[in-house]
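Observations on the three-dimensional arrangement
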Amino acid sequence: MKLQIKHTISYSEADQIIERYYEGLTTVLEEKLLREFLSQRNLPERFEPEKAIFGYFANKKQKSVFSIHSFVRWASAAVLIITVISVELFSLKTEKNYAYINGKKITDIELVRSFAENSFKDISDDASVNETYNLDSKEIIKQQLGAFSE
Amino acid sequence: MSQERFKAEILPIRDKLFHIAHKILVEEEEAEDAVQEVLLKLWRNCNSFEKYESLAAFATTVIKNHCLDRLKVKCRSELLDETHYSRAGTDNPYLQLERKNSEEVLKEIIEKLPELQKAIIRMKDIEEYEVEEIAEITGTKLEAVRMNLSRARKKVRDEYIKLTST
């Protein structure tokens, strides 16, 4: 069995703090002690107004803390989603690059380059195409293969 | 960051703000309350400071408008007969029926506190500022904050007892 020992202030201590509270002299810590004291059940009648007042403020405080908590909860969910997405993207990017040439999957960049250069050669031999589009075949191949090696 | 701007740009012109308030409201004590109210209001809205290039100019506008509003409210309440209020009283059975629990009663009491007292009790009892911090923000002495806090708390207690005792 677990024993819960809770330190609370005595009635006379509470009376003293309450008096100081109404003079605006209590610290945040003293008010916390008083709040704990007033949250007890079966207190004498004379503490009723303070019980209600402190209960009211505690309730207001909880609401503002709750909104911070729910913000943290939403934020952590958002962080999780972002993490999952970025891991996915990262693994996609690092997946080995390949090209299909004549129905065959080829992952060797050099092989792909030589195939590409050959097929460009066929086109650029045609002078009219070259003039119209001003093709620089080497540059185009380099651009296209840029993503390949990473 | 914005709190630093508050301290660097608004607190130094406190005297100027007081001067404006004094001119509009005439009474010194009222002007002082108005300045503190505006400073607390500005402090609470620190986050929107980015919009304003000159905080001093912004604060000057706010104090002017605030004092003019105060003046309007004052004129209006002076027009109403005081005895009218006391006759309506708090022991009206319809009003009692409306008040379902102590929470509503307290909410109502706090709402009716003077603006400055309301702001101070909220900062101290809900947002847990120390009196020293509030004094720094309002540019006043500790005693002044304590006095307003004490008045607000006593008023809440007295009104609560009055409204809940049958």
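Residues numbered from 1 in each chain as written. Chains lettered and ligands numbered in written order. Predicted model: local features only at pLDDT ≥ 70, side-chain atom pairs only at ≥ 80, totals over all residues. Heavy atoms only, no water.

The helix and strand inventory of chain B stands at ten helices and zero strands. Traced from its N-terminal end to its C-terminal end, chain B shows the element sequence α-α-α-α-α-α-α-α-α-α. Within chain B, buried positions represent 40% of all 166 residues. Long-range contacts, defined here as pairs at least 24 residues apart, represent 70% of the contacts in chain B between residues at least 6 apart. Working note: accessible area of chain B is about 10200 Å², and carbon and sulfur atoms make up 52% of it. (Helix = DSSP H or I, 4+ residues; strand = E, 2+ residues; numbered from the N terminus. Buried < 20%, exposed > 50% of the residue type's maximum accessible area, 1.4 Å probe, protein only. Contact = heavy atoms within 4.5 Å. Areas by Shrake-Rupley, 256 points an atom, 1.4 Å probe, with all protein chains shown as cover.)

What follows concerns the side chain of Lys61(A). By the secondary structure assignment, Lys61(A) is in helix H3 (residues 48-94). Residue Lys61(A) is classed as buried on the basis of its relative accessible area of 13%. Among the polar contacts listed, one links the side chain of Lys61(A) to the backbone oxygen of Asp125(B), at a separation of 3.3 Å. A polar atom in the side chain of Lys61(A) sits 3.1 Å from the side chain of Glu128(B). When neighbours within four sequence positions are excluded, Lys61(A) is seen to be in contact with Arg35(A), Asp125(B), Ile126(B) and Glu128(B). (Polar contact = N/O pair within 3.5 Å; in protein donor to acceptor, adjacent residues only side chain to side chain.)

So, about the packing of aromatic side chains. The full count for this structure, using the stated rule, is eight aromatic pairs over all chains. Here the aromatic rings of Tyr52(B) and Phe58(B) are separated by 3.8 Å at their centres, their planes lie at 15°, and the arrangement is stacked. Through a chain of ring-to-ring contacts, the aromatic side chains of Tyr11(A), Phe37(A) and Phe47(A) assemble into a single cluster. The ring of Tyr22(A) has Arg157(B) lying over it, and the distance from NZ or CZ to the ring centre is 4.1 Å. (Phe/Tyr/Trp six-rings, centres within 6.5 Å; stacked < 30°, edge-to-face > 60°. Lys NZ or Arg CZ within 6 Å of the ring centre and 35° of its normal.)

Contacts between the two partners involve 22 residues from chain B and, on the opposite side, 21 residues from chain A. With both chains or domains summed, chain B and chain A bury close to 2000 Å², and 60% of this area falls on carbon and sulfur atoms. At the boundary of chain B with chain A, the tally comes to five salt bridges. Two residues, Glu31(A) and Lys124(B), come together in a salt bridge whose shortest N-O distance is 3.0 Å. For the pair chain B and chain A, the number of links is 13 residue pairs in polar contact (both at pLDDT 80 or more). Of all elements in the fold, only helix H7 (102-111), helix H8 (115-125) and helix H10 (142-164) of chain B reach the threshold of two or more residues within the side of chain B that touches chain A. (Buried area = accessible area lost by both parts, 1.4 Å probe. Salt bridge = Lys/Arg side-chain N within 4 Å of Asp/Glu carboxyl O.)

Attention now moves to the pattern of salt bridges. Residue and element names in this part refer to chain B. Using the criterion set out here, one finds 22 salt bridges over all chains in the structure. Where arginine 157 meets aspartate 158, a salt bridge forms, and the shortest distance between an N and an O atom there is 3.2 Å. Look at arginine 157 and you get partly exposed, because its relative accessible area is 23%.

Turning next to unusual backbone geometry. Despite not being glycine, Asn42(A) shows a phi value in the positive range, around 55°. Along the chain, Asn42(A) turns up in the loop between helix H2 (28-38) and H3. The class for Asn42(A) is exposed, based on a relative accessible area of 75%. Located in the positive-phi region is Val26(B), a residue other than glycine, with phi close to 70°. Topologically, Val26(B) is positioned in the loop between helix H2 (14-25) and helix H3 (28-44).

What follows concerns the environment of Ala119(B). Residue and element names in this part refer to chain B. Position of alanine 119 among the secondary structure elements: in helix H8. Once the C-alpha coordinates of alanine 119 and glutamate 37 are considered, the two residues, 82 residues apart in sequence, prove to be 7.4 Å apart. For alanine 119, the residues in contact, after removing those within four places along its chain, are Leu40 and Arg44.

Compared with the 33 Å implied by 1.5 Å per residue over 23 residues, the 33 Å span of H10(B) between its first and last C-alpha is a close match. For H10(B), the complete set of buried residues consists of Val145(B), Arg146(B), Asn148(B), Leu149(B), Ser150(B), Ala152(B), Arg153(B), Val156(B), Glu159(B), Tyr160(B) and Leu163(B). (Expected span 1.5 Å × (residues − 1).)

Within the span of H7(B), buried status applies to Val105(B), Leu106(B), Ile109(B) and Ile110(B). End-on view of H7(B): buried residues confined to an arc of 130°, all on one side of the axis. (Arc of directions from axis to C-beta.)

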